[in-house]
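# Coordinate analysis (summary)
Spelled out from the first residue to the last, the chains are:
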Amino acid sequence: MLLCSSSGLDPFSFSPHPVLRRFALAPRSSHLHVSCSPIGQFPAFCSPIVTDVYSLNFTIRTETTESFPGNNQATMLSIPDLIKKKRDGNALSDEDIQFFLQAVVENNIQEAQTGAMLMAIFTKGMVATETMALTKAMKLSGEVLSWPEEWAGLVVDKHSTGGVGDKVSLVLAPALAACGLKVPMISGRGLSHTGGTLDKLESIPGFNVSQPFPKLRSILAEVGCVIVGQTVSLVPADRILYALRDATSTVESLPLITGSIISKKAAESLNSLVLDVKFGRSAICKDLASAKALGESLVTAGNNLGMKTRAVFTHMSNPIGRCIGNSVEVIESLETLKGKGPSDLMELVSTLGGVLLVMTGKVSSLSEGGRLITESVTGGAALAKFQAMMVAQGVSNENAQSLCSAQADYHSILRRADHQTELRTHTQGVVMEIDGLVLAEVLHQLGAGRTNAGEPINHSVGAELLVSLGESVNKGRPWLRIHFESPALTPDQTSRLEGALTLGGSGDKPLRGSLIEEMIPPM
């Protein structure tokens, strides 16, 4: 038997032979065992390395000596074969998925191949067992956090599938901390047209969303909440795939969304997780049916990985609150924490927070949980937690105190865009609808979002709604204020924004009531 170690010179690495070439992609910790008979010269392409005389009737297997988490079985794989397998609509095995993710994490795969696999998953989908294997393997691709025993049952988080004006996390995390829960919120950046929690917080000078685990744990012990991004060691597979999903137009893939969301939350070692699954024109899911499909996938994966998981389905066509954009959403969040927030934002905060208080056994009913969350906001306890979190994550005491003061001059600390312009109504009527997707797309073009992963954004770009749904307005009434720098608004963008406002007759009323549609499991 001939043993060829891949840690040294590999006779197959440069092989044009299709059977042998596939083993060049084996993990660097693998060995190739070749059983053969000495009858003739080995193929010419290996002759500089292997000069012994062998038969081509051989069997080859790989034995991984340092395997990807959960993958201890012998395997015979190549990345092109896996892409083809999924492209042709076949289910990937657990070992297939583990091998692919290992190649991604160890950078043993071309970016084009990763993109091709993402597109194959997007077009062909995944069955439930594939999605579960993907999620578990992503979780185990890095470190898994652990918490003190005295926090048992108290570690919670919330995740939103993304919307326009969605600043719920900035209010909810400190409110939950004020109610005695521990909230290690690992958030993301803006993806597609939706804003990112980390982008919003980084508009606050000094706020550091990159915290090593010992510091994260210390903040959690002292404050009760912390909002950070993924570290290099936490779910590295997702960190890489997340950056490529937007570039490859695979953001909406249900199994990829499930794997991304649940792997991160499972790596946080949560006891309870509530999911805000949004549907409507401004959401990833355009209707309730698709939102339910996603919600059921998320809930199933979360529960199977040991987290109590519940999904709340919420409407997402009109913007949440009155502000869209990073700095302006921070301002609106602070105003909400001071008891002056819009009713739709507070409905989401009290409902999602109430669900988590029930799931952790803090209260026995959703109404009681919602009341406690609301009282933590209106009474100032949540604001105090947010101030403490800002200081713990790098904001100066002076700036944190100033932002949280009753008469805060926000723009003395948060950067204001160089230019503002207001759009006015062309007729009188009742505000029936405001298309959040159009507003988000235009702001994205003005610099509030990113086209490619890692691109800088302009935190000062944003929009303020000057009218509310159901409000009667006269012709010429200012209804939208845009904060911008360079580039300026084009005529086409102005036209699109003007078309985002729908006015009805004097007797008309907007269809939307509560943002909450239903939840699974029911509560």
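Residues numbered from 1 in each chain as written. Predicted model: local features only at pLDDT ≥ 70, side-chain atom pairs only at ≥ 80, totals over all residues. Heavy atoms only, no water.

## What to know about helix H14 (residues 366-378)
- With 13 residues, H14 ought to run about 18 Å at 1.5 Å a step, and its terminal C-alpha atoms sit 18 Å apart, in line with that.
- Within H14, the full set of buried residues consists of Gly369, Gly370, Ile373, Ser376 and Val377. Buried residues of H14, viewed axially, fall in a sector of 125°; they line one side. Opposite the buried face of H14, at more than 90 degrees from it, the exposed residues are Ser367 and Thr378.
- Considering only its buried residues, H14 is in contact with helix H6 (168-178), helix H12 (326-340), helix H13 (343-359) and helix H15 (381-392).
- Just downstream of H14 lies Gly380, where phi reads positive at about 95°. (Helix = DSSP H or I, 4+ residues; strand = E, 2+ residues; numbered from the N terminus. Expected span 1.5 Å × (residues − 1). Buried < 20%, exposed > 50% of the residue type's maximum accessible area, 1.4 Å probe, protein only. Arc of directions from axis to C-beta. Contact = heavy atoms within 4.5 Å.)

## Side note on the sheet that holds strand S12 (residues 462-465)
- Pairing is antiparallel in the open sheet, where four strands are placed in the order S9-S12-S14-S10. The open sheet has two edge strands, strand S9 (323-325) and strand S10 (419-424), and neither has a second partner. Averaged over neighbouring strand pairs, the angle between their axes works out to 15° when direction is ignored.
- In the sheet, S9 pairs with S12 via three bridges, with the strands oriented antiparallel. Paired with Ile324 across the two strands is Ala463, which belongs to S12.
- Packing against the sheet, H12 makes contact with S9, S12 and strand S14 (478-484), and its axis sits at approximately 140° to S9.
- Against the sheet, helix H17 (residues 436-448) engages S9, S12 and S14, with an angle of about 25° to S14. (Pairing = 2+ DSSP bridges. Axes fitted to C-alpha atoms, helices over the stretch in contact; angles between N-to-C directions.)

## Some details on the side chain of Asn458
- The residue Asn458 is located in the loop between H17 and S12 in this model.
- Of the polar contacts made by the side chain of Asn458, one reaches the side chain of Glu485; its length is 2.8 Å.
- With residues near it in sequence (within four places) discarded, Asn458 still touches Asn326, Arg415, Gly447, Ala448 and Glu485. (Polar contact = N/O pair within 3.5 Å; in protein donor to acceptor, adjacent residues only side chain to side chain.)

## Here's the deal with the packing of H17 against helix H18 (residues 491-499)
- Where H17 contacts H18, the two axes come as close as 9 Å, and the packing angle between them is 155°. Accordingly, the angle class assigned to the pair H17 and H18 is roughly antiparallel. In this structure, H17 meets H18 at a crossing whose hand is left-handed. The segment H17 lies against H18, with Val438, Leu439, Glu441, Val442, Gln445 and Leu446 engaging Gln493, Arg496 and Leu497.
- Among the residues making up the contact of H17 with H18, the classes are represented as five nonpolar, two polar and two charged. (Parallel < 35°, antiparallel > 145°, perpendicular 65-115°, else oblique. Left-handed = near helix turned anticlockwise from the far one by under 90°. Nonpolar A, V, L, I, M, F, W, Y, C, P; charged D, E, K, R; others polar.)

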